[in-house]
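Structural features, examined
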Amino acid sequence: MRKITLTLVSLLVAASLLLAGCGASTPEPAPVETTEASASQATEAPAVPKEEPLSGTISVSGAFALYPVMTVWADEFHKFHPDVEFDVQGGGAGKGMTDTIAGAVDIGMISRTIKEEETAQGIFWVSVTKDAVFPIISSENPVAADIIAKGISQETFNKIFITGEIKTWGEIVGKPEVTDEIHVYTRSDACGAGEMWAKFSGGKVQDDIKGIGINGEPALVETVIKDPLGIGYSNLNSVFDMSSGSLAPGIIVPPVDVNANGQADADEYYQTKDEAVSAVSSEKYPSPPARFENLATKGKPSGLVLIFIQWILTDGQQYLESAGYVPLTPEQQAESLEKLK
């Protein structure tokens, strides 16, 4: 009996030692092999799809009034999007509208109100800035000092440009002894400036203006500068030198005697670009000839053209004042952007 007991005890001790030895040598988990690819996948965030860069060509034609700032907009947009090219041409609002209706350009620059017959042909438009048309005479005009002191009333402009009743410079300033004949110049090409000046002067359309027709705004301005007896009209950005802000050499802007009191008040005579822009912005200068400038497309724009016009109405507004234009108010800006949706 004792022998059995000892044998059992020995067996139990041996088993205990065996179990203890097994517990002390628990195997380590096998190492996981890490490759360079798996390490990169573990540390990098999921890839975000990148937008495709803008590319293509945008063609624009139309109003001389918008041409200067459109070239600025095109250059600035190209800096952000180097693969977008522009073809910008002047020619007048009439050309811009004709080209747009025909599908010859992507955007027409229109410096007047869009007509019902144009919208009936699929024209879509938004306002992008505001400027004005101003009367111009030569700085060599024989009665320039009198005109600067007295100004010219709307009624007198009517008798110069529309009815032709006033024929001499002496009649304008009340000096019958001055018999120098007035040489009236107007635009022969269809333009927004002509339509706005006609409406201000008591007419309805550009063709109501009497005078010698000159093709294009640059040529009309140059003609008036060289003719001491000439009178015409021009857009704000042609009247003033954009670099200096002063009147373009050889030009005088006759004060518009808005209140018809027979004299040019301080806020009716503009010798700098800033004075003129401020008068248009505050609506002290009459409308017409102040007006909104519009961009027209054949149907509502999409794709690259839409993106460009949206940029003009947002970031592009910052370039307007230095170029001689009045930016849209926040309300006008929002209205144009909403129209594009």
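Quick caveat: nothing in here was measured; it's all calculated off a predicted structure. Residue numbers restart at each chain and count upward from 1, following the sequence in its written direction. Totals for whole chains, interfaces and linings use every residue, but because this is a predicted model, local features are given only for residues with pLDDT of at least 70 and side-chain atom pairs only at 80 or more, for both listing and counting. In computing side-chain values, all of the structure's heavy atoms are included and hydrogens and water are not.

So, about helix 12 (residues 273-281). Relative accessibility thresholds used throughout: buried, under 20% of the residue-type maximum; exposed, over 50%; partly exposed, between the two (1.4 Å probe, protein chains only). A run of H or I in DSSP counts as a helix once it spans at least four residues, and a run of E counts as a strand once it spans at least two, with each numbered from the N terminus. Residues of helix 12 that are buried include every one of Lys 273, Ala 276, Val 277, Ala 279 and Val 280, and no others. Along the long axis of helix 12, the arc covered by the buried residues comes to 160°, so they all point the same way. Should any heavy atoms of two residues lie within 4.5 Å, those residues are counted as being in contact. Structurally, helix 12 contributes buried residues whose contacts are with strand 4 (123-138), helix 11 (236-239) and strand 9 (290-298). Positive phi appears at Glu 283, one or two residues downstream of helix 12, with a value of about 65°. Taken from the helix axis, the directions to the C-beta atoms give the arc we talk about.

As a further point, take empty space enclosed by the protein. Here the term cavity refers to a set of points on a 1 Å grid, laid over the protein atoms alone, in which a 1.4 Å probe fits but cannot get out; the term pocket refers to an open set having protein on both sides within 12 Å along at least five of seven lines, with lining residues being those that place an atom within 4 Å of a point. Grid points are joined across faces, edges and corners, and a volume is the space filled by probe spheres set on the points. Across all of its chains, the model carries 1 cavity of 30 Å³ or more by this definition. Its boundaries defined by the atoms lining it, the largest cavity holds a volume of some 30 Å³. Considering the residues around the largest cavity, the lining is formed by Ala 63, Phe 64, Ala 65, Gly 92, Ala 93, Ser 111, Arg 187, Cys 191, Gly 192, Ala 193 and Asn 235. Only Asp, Glu, Lys and Arg are considered charged in this grouping, and only Ala, Val, Leu, Ile, Met, Phe, Trp, Tyr, Cys and Pro are considered nonpolar; every other residue, Gly among them, is considered polar. When the residues that make up the lining of the largest cavity are grouped by side-chain class, the tally is 6 nonpolar, 4 polar and 1 charged.

This part takes up the confidence of the model for the protein chain. As a general rule, the predicted coordinates of low-pLDDT regions are not to be interpreted in detail. One number per residue, pLDDT, summarises how confident the predictor is, and it ranges from 0 to 100. With 85% of its residues at a pLDDT of 70 or more, the protein chain has an overall mean of 88. Low confidence marks residues 1-43, where pLDDT is under 50. Its contacts with residues over four positions away, or in another chain, come to 1 contact.

Stacked, edge-to-face and tilted labels apply to pairs of Phe, Tyr and Trp rings (six-membered ring for Trp) whose centres lie within 6.5 Å, assigned for plane angles under 30 degrees, over 60, and everything in between, in that order. One pass over the full model with this rule turns up 16 aromatic pairs. With a centroid separation of 5.7 Å and an interplanar angle of 80°, the aromatic rings of Phe 161 and Trp 197 are classed as edge-to-face. Placement of the pair is Phe 161 in helix 7 (residues 154-162) and Trp 197 in helix 9 (residues 192-200), with a sequence separation of 36 residues. For Phe 161, a relative accessible area of 0% corresponds to the buried category. Residue Trp 197 is classed as buried on the basis of its relative accessible area, which comes to 0%. Consider the rings of Trp 197 and Phe 200, whose centres lie 5.1 Å apart with planes at 40°: the pair is tilted.

On to helix 10 (residues 217-226), then. Along helix 10, the residues that are buried comprise Glu 217, Leu 220, Val 221 and Val 224. The arc enclosing the buried residues of helix 10, seen along the axis, measures out at 95°, which places them on a common side. In helix 10, those exposed residues whose orientation departs by more than 90 degrees from the buried face are Pro 218 and Lys 226. Looking at the buried positions of helix 10, the neighbouring elements they touch are strand 4, strand 5 (183-187), strand 6 (212-214), strand 7 (230-235), helix 11 and strand 8 (251-252).

Moving on, we get to the layout of surface pockets. For the largest pocket, the calculated volume is near 210 Å³. Elements with a minimum of two residues in the lining of the largest pocket: strand 4, helix 9 and strand 9. Sorting elements by how many residues they give to the lining of the largest pocket places strand 9 first, with 4 residues. Looking at the lining of the largest pocket residue by residue, the classes come out as 6 nonpolar, 4 polar and 4 charged.

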